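In case you want the letters, here they are:
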Amino acid sequence: GTEDFAFIAEELLEESQTVTLNFYAGSILCRLLEHAAADPRVAVLVDAVLATDIEKLCCHKFGHRVAMSVLSNGLPRQRDRILA
């Protein structure tokens, strides 16, 4: 349920600077976006990830998948951050 998503998002938040550069963590973040993008704790995690270097995120082989997931499932402000 949503508490599970929240727990996972809170744990990943500590590693938000590197979470997208890891295959497994990036996959988990994509699943969180698919199933719970509107959850406040998932939104905080995605916002923290997007506070890093967006160009590096989009050009990285695993980060690119996360960026595409944000574009597909993220909140409007998160989509705008990638497109800016």
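Residues numbered from 1 in each chain as written. Predicted model: local features only at pLDDT ≥ 70, side-chain atom pairs only at ≥ 80, totals over all residues. Heavy atoms only, no water.

Quick look at a nonpolar patch on the surface now. A cluster of nonpolar side chains, Phe7, Ile8 and Ile28, forms an exposed patch at the surface whose accessible area comes to about 260 Å². If you trace the backbone, isoleucine 8 turns up in helix α1 (residues 2-13). (Patch = residues over 30% accessible without salt bridge, like charges linked within 9 Å, V, L, I, M, F, W, Y side chains within 5 Å. Areas by Shrake-Rupley, 256 points an atom, 1.4 Å probe, with all protein chains shown as cover. Salt bridge = Lys/Arg side-chain N within 4 Å of Asp/Glu carboxyl O. Helix = DSSP H or I, 4+ residues; strand = E, 2+ residues; numbered from the N terminus.)

Scanning the model with the defined rule gives three salt bridges in all. Close ionic contact of glutamate 34 with arginine 31 constitutes a salt bridge, the shortest N to O distance being 3.0 Å. On the criterion of helical spacing, the pair formed by glutamate 34 and arginine 31 is a turn pair, its members being three residues apart in helix α2 (residues 23-36). Its relative accessible area of 41% is what places glutamate 34 among the partly exposed residues. (Buried < 20%, exposed > 50% of the residue type's maximum accessible area, 1.4 Å probe, protein only.)

Attention now goes to the nonpolar core. Counting 21 residues, the largest nonpolar core has Leu29, Leu45, Val46, Leu50 and Val70 as its most contacted members. For this core, the secondary structure elements donating two or more residues are α1, α2, α3 (40-50), α4 (54-59) and α5 (63-73). Among the elements that take part in this core, α2 stands out by supplying six residues, more than any other. (Core = buried A, V, L, I, M, F, W, Y, C linked by side-chain atoms within 4.5 Å.)

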